[in-house]
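Topology and contacts: notes
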Amino acid sequence: MEASVGYLHYAWQLPNDKIQKEITIRARVLKGGCIPSDNLQSDHLSTCEKSYKYLVKFIAFEPTVSPYNRAQTEIRTNAHDRSENQRRRLDRTTEIEKESSLKNQTETETEGETESEIERATELLMGKKGLLTMSTYTFVKGADAEHCLHNGDEFTAVVKLKPRYSTQNPVGFNKQKQLLVDNVHVTGYIKTLYSASVTHKHSFRLRMAAVLHTIDIQNRIWWQALLVGIRVNFDKSHWQLLQVTGTGHLFSISGMHLGVVAAYTLLLSAGFLLIASYIKRVVQALISMTRLPHWFASLLLSLQESHTLTPVFAIKYRILIIGAVWVVCGFYAALSGLALPVVRAFVLLTIASVFSLLFIAYRPIHLATAMVAMSIVLFPLSILSASFYLSVCAVFYIWFLTTRFRTENGSRFKTLLILQLLLGVFMAPLTIIFFNSLSVAGLIANIIAIPVITLLLPPALIILLVLTLVQPSKEDAVDGSAVDNVYQMAECLFIYLDSALSWLLSVLRYIAHYDWAAINIHIDSKVAACLLVFMMVIIAPPWRYKRHALFVLITPLLAFYIPSNPDQWKVHVLDAGQASAIVVIKDERAMVIDSGASYRNLAYTASSVLLPLLKREGVESIDIIVHTHKDNDHAGGKAALASSPLAQNALWFSPTKNCERGRVERWQGLAIHFLWPKVGNTINNNDHSCVLKITDGQRSVLFPGDIERTTEYAILTLPNSQANLKADVLIAPHHGSNTSSTDVFLKYVAPKAAIFTQGFENRWQFPAKEVISGYEALNIPYFMTSYHGYLTVSFPADSRTYFNQNTTGFTVHSQRFDLNKRWYLDARYPTHLSSSREPH
């Protein structure tokens, strides 16, 4: 089923000739919008964050190809400003169109055909989802302030779209996979937003989130996450606290929250029926004590007896209780925005309710199996998400642990404490697989946080519902009126709850500040899976081959830490987008050549990919760091590397520091030859990039940075240039720009393989088509990080032993085609090179 749904998902793809083309669309914001802080009746022109990512659903299309159509769009979307200037603009635009049509009718026909093609292709977008970025570069037409869209808003904008795609590395977040799970077909950015076209359609959930802005509380952002599942305002400190303490599942609407609501509803419903039964007994006692006419007393007693809890009426009460729980939980699931974990829990509740009403005998394992089956049928692509396995495994562990360690005669508090500790231990391998980290503090934090959240959630939710329902009436109410008193009382109660939440957060922050609170563990997912089964077998009942099974399961973990051959060395070329980040590793030591880009002071490649990769490879120290030049796409991760404990004793190189022609460094048995720039250079730009060659005496790799053709020619004129430049592997100069990789330079280097570090559909169209033709003319195999993903070039200890088919003396493996080949991580060849053959 997953394969069938995946095929249907891939059946429509954004055509190559429509990528990065300007189109005007109308869409609805599904997720990612900011929360209005003003009156809900206002136009919400609020100043929000500088950049937002909106998950949208395309609902209409309007082509924007010709100047005439663009003028028409502007006029329609700015209907509030119809004036004489607009009429003159329309007349002037019409005249331009007529003159252009008379001047060149052929161009007009071609334009019409192009418009028709774009319209046909874009119409297929309708009803599909996209992820659009709105940044400081977005032009907001017709707005005096920065415009932030809200969930539910419909808007018209000019956008540029790309297919669903992302970088692929062995560590770090896999965005392409997550986009598929979210059923997103395209990504892109908003180039122009027409503010007059925005239609606000705020849901009740958004109104609840907005009400929190009117209350004087300290933890507004946390309450928005806890009560309505909106975490758009979380910053780095919020996410870090949740990650370190392992409490991320608490501050969002998840299956646990639905279980809490179901439990409270069940208790209240049962309590209501219990009170009703006591009232009936009281009525019966009063009837017997009161002197009433005999015929009237007999009638009341017969009515009272007819409503006792006979089996028939017990069934009716059972239906009422289960129905109340189901309705309340359904409302809560809708309140969460139908978040997938909540929907899965609601499916489980529905199945359990049906079994209970039909008096079907079942065990917890049967219920869990039915839930998994229904979840796969309803949401087949969710099997690729981490939340699916976390939810399913949590249910399975609770059943397994309660079955394995029955404590009917023991303390319930002790049982729950042991269950929570064991659950935290058994979930550890899963967090390692999906998040490469282990929250030690989570074992303690969850024992404290779960009871507190369980007590705070229901009253806080009820109070927020009251505030949301009463607020419209309060705006028109007189001070001291009943409505105003109810609102003030509810607000006061919520402030007390906020104080309790403040205490909980202070405890979590105290626990999180210890160094041992979270440990980054980077091991292979298959090894972690074996560890998970190993832990299950340990607590399983004894059986004949239990010891043998434990030995087999622990072997992959032990083998993972066996050091590799110290004479083997590898070059790791990261998929850093339109940037460069390369690592050379030999015998648990590393050398970094460029560190990727930094955006808004966040060096994602360096902090979330490069450094975790070194830890996964067992690197103990970074000895040498070379930034070929100062551009952001090469040196953006400099600060992240400088703050890493691995680089405390590193030797740094740049065009103006240590990097000079003629210098040779000996490192781990390898020779590092610096070929450029000249001694005494003070310029740090492309033409003066560090050019270095690493060799073991037999095999070599050349790193030319972003040098242009003038520098290539200058290096060629140096003494012994042919011997110095000749290399087995070439990192293509300047990402494959047509200002580099001259024919004579390639002939001197004579590489057996070349690697282009470039981003998918980058605006410079790297590598240039002319450059690719030059490599193909010289029969040089080439690899592209946008197409192949992360690449490893392995040089075995004995170059005579592990030759590949071309006897090159090294092997190249790619993330997309070798290391992690998956059907949902399809590779897309650059559209501007579509006429060229795809590399092997």
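Just above sits the structure.
Description of the structure in this document. (Residues numbered from 1 in each chain as written. Predicted model: local features only at pLDDT ≥ 70, side-chain atom pairs only at ≥ 80, totals over all residues. Heavy atoms only, no water.)

**Here we look at the overall build of the protein chain**
A count of helical and extended segments in the protein chain gives 28 helices and 22 strands. For the protein chain, buried positions account for 48% of its 840 residues. When contacts within the protein chain are restricted to residue pairs at least 6 apart in sequence, long-range pairs at least 24 apart make up 74% of them. (Helix = DSSP H or I, 4+ residues; strand = E, 2+ residues; numbered from the N terminus. Buried < 20%, exposed > 50% of the residue type's maximum accessible area, 1.4 Å probe, protein only. Contact = heavy atoms within 4.5 Å.)

**Brief notes about the packing of aromatic side chains**
Counted by the stated rule, this structure contains 23 aromatic pairs. Ring centres of Tyr 165 and Phe 760 lie 4.2 Å apart, and the angle between their planes is 35°; on these two criteria the pair is classed as tilted. Of the two residues, Tyr 165 sits in the loop between β5 (154–163) and α5 (175–181) while Phe 760 sits in the loop between β19 (753–756) and α26 (769–777), which places them 595 residues apart along the sequence. The class of Tyr 165 is buried, set by a relative accessible area of 8%. Centre to centre, the rings of Tyr 514 and Trp 516 are 5.2 Å apart; their planes meet at 20°, and the pair counts as stacked. In this structure Tyr 514 comes out as partly exposed when scored by relative accessible area, which is 33%. (Phe/Tyr/Trp six-rings, centres within 6.5 Å; stacked < 30°, edge-to-face > 60°.)

**Some words on the state of the cysteines**
Counted according to the given criterion, the structure contains two disulfides. Cys 34 shares a disulfide with Cys 148; S-S distance 2.1 Å. Separated by 114 residues along the polypeptide, Cys 34 in the loop between β1 (22–31) and β2 (52–62) and Cys 148 in the loop between β4 (139–141) and β5 bring together distant segments of the chain. Classification of Cys 34 as buried rests on a relative accessible area of 2%. What makes Cys 148 buried here is its relative accessible area of 2%. Between the sulfur atoms of Cys 659 and its disulfide partner Cys 690 the distance amounts to 2.3 Å. Here Cys 659, found in the loop between β13 (651–653) and β14 (664–667), pairs with Cys 690, found in the loop between β15 (670–676) and β16 (691–695); they are 31 residues apart in sequence, far enough to count as distant. Bonded cysteines in the protein chain are paired 1-2, 3-4 when counted in the order they occur along the chain. (Disulfide = S-S within 2.5 Å.)

**Section: the sheet that holds strand β21 (residues 791–795)**
The strands making up a sheet associate through backbone hydrogen bonding, with each pair oriented either parallel or antiparallel. Ordered by their spatial adjacency, seven strands build an open sheet running β13-β12-β11-β10-β9-β21-β22, and the pairing between neighbours is mixed. Only two strands of the sheet have a single partner each, and these edge strands are β13 and β22 (811–814). Ignoring strand direction, the axes of neighbouring strands in this sheet form an average angle of 20°. Of the pairings in the sheet, the one linking strand β9 (residues 569–573) to β21 comprises five bridges and is antiparallel in character. Opposite Lys 570, over in β21, you have Ser 794 as the bridge partner. Most of the contacts of helix α20 (residues 604–616) go to strand β11 (residues 589–595), to which it runs at about 160°, and overall it touches β9, β10 (581–586), β11 and β12 (621–626). (Pairing = 2+ DSSP bridges. Axes fitted to C-alpha atoms, helices over the stretch in contact; angles between N-to-C directions.)

**Some points on the pattern of salt bridges**
Summed over all chains, the structure comprises eight salt bridges. The salt bridge partner of Glu 617 is Arg 616, with a shortest N-O separation of 3.2 Å. Taking relative accessible area as the criterion, Glu 617 reaches 29% and is therefore assigned partly exposed. The exposure class of Arg 616 is partly exposed, given its relative accessible area of 24%. We note a salt bridge from Arg 699 to Asp 696, for which the minimum N-O separation is 2.6 Å. Classification of Arg 699 as buried rests on a relative accessible area of 4%. Salt bridges sharing partners connect three or more residues here, namely Arg 28, Glu 154 and Lys 201. (Salt bridge = Lys/Arg side-chain N within 4 Å of Asp/Glu carboxyl O.)

**Some remarks on empty space enclosed by the protein**
Where empty space is left becomes clear once a probe the size of a water molecule has been rolled over the atoms. Enumeration according to the criterion identifies three cavities of 30 Å³ or more in this entry. Counted as a void, the largest cavity has a volume near 80 Å³. Along the wall of the largest cavity there are 15 residues; nearest its centre are Ser 580, Ile 582, Asp 594, Gly 705 and Ile 731. (1 Å grid on protein atoms, 1.4 Å probe; cavity = no way out; pocket = protein on both sides within 12 Å on 5 of 7 lines; lining within 4 Å. Points joined across faces, edges and corners; volume = space filled by probe spheres on them.)

**As for the environment of Lys 638**
With respect to the secondary-structure elements, Lys 638 resides in helix α22 (residues 638–642). Placed 43 residues apart in sequence, Lys 638 and Ser 595 show a C-alpha to C-alpha distance of 6.6 Å. When neighbours within four sequence positions are excluded, Lys 638 is seen to be in contact with Ser 595, His 627 and Trp 652.

**Remarks on the sheet that holds β19**
On the basis of which strands lie adjacent, the open sheet formed by seven strands has the order β14-β15-β16-β17-β18-β19-β20 and mixed pairing. At either end of the open sheet lies a strand with only one pairing partner, and these are β14 and β20 (782–784). Across the sheet, the axes of successive neighbouring strands diverge by a mean angle of 20°, strand direction being ignored. Here three bridges tie β19 to β20, and the two strands are oriented parallel to one another. Its bridge partner being in β20, Phe 756 is matched across the sheet by Met 784. Taken strand by strand, α26 contacts β18 (729–731), β19 and β20, and its axis lies near 165° from that of β19.

**Quick word on the nonpolar core**
Soluble, globular proteins show a tendency: their nonpolar side chains are buried together. One finds Trp 223, Leu 227, Phe 251 and Phe 494 to be the most contacted residues of the largest nonpolar core, which totals 60 residues. Elements that contribute at least two residues to this core include exactly α6 (204–211), α7 (220–228), α8 (236–245), α9 (255–289), α11 (311–335), α12 (340–357), α16 (442–476) and α17 (482–512). Examining the composition of this core, we find that 13 residues originate from one element, α16, more than from any other. Sequence-distant contacts of Phe 494, defined by excluding residues within four places in its chain, comprise Leu 212, Ile 215, Ile 217, Trp 223, Leu 227, Ala 460, Ile 463 and Leu 464. Ranked by size, the runner-up nonpolar core spans 29 residues in total, among them Leu 670, Ile 672, Cys 690 and Val 793. (Core = buried A, V, L, I, M, F, W, Y, C linked by side-chain atoms within 4.5 Å.)

**Looking at helix α15 (residues 412–435)**
For the α-helix, the turn length of 3.6 residues means that residues three or four positions removed from each other point alike. The end-to-end C-alpha separation of α15 is 32 Å, in line with the 34 Å expected for 24 residues at 1.5 Å each. A bend of about 35° at Ala 428 is the largest found in α15, and the proline Pro 429 appears one to four places after it. Of all the positions in α15, only Leu 419, Gln 420, Leu 423, Phe 426, Met 427, Ala 428, Pro 429, Leu 430 and Ile 432 are classed as buried. Residues of α15 that are buried sit in contact with α14 (386–404), β7 (437–439), α16 and α18 (525–539). Directly after α15, the chain includes Asn 436, whose backbone phi takes a positive value near 55°. (Expected span 1.5 Å × (residues − 1). Bend = angle between axes of the 7 residues up to and from the residue.)

**Digging into unusual backbone geometry**
Note that the residue after Trp 676, namely Pro 677, is joined by a cis bond; omega there is 5°. The omega torsion across Phe 766 and Pro 767 is -5°, close enough to zero to call that bond cis. Within the secondary structure, Pro 767 is located in the loop between β19 and α26. You will see that Asn 720, though not glycine, has its phi angle at about 55°, which is positive. Following the sequence through the fold, Asn 720 ends up in the loop between α23 (709–716) and α24 (721–725). In this structure, His 735 takes a positive phi of about 60° despite not being glycine. Considering the arrangement of structural elements, one finds His 735 in the loop between β18 and α25 (743–749). Assessed through its relative accessible area of 2%, His 735 is described here as buried.

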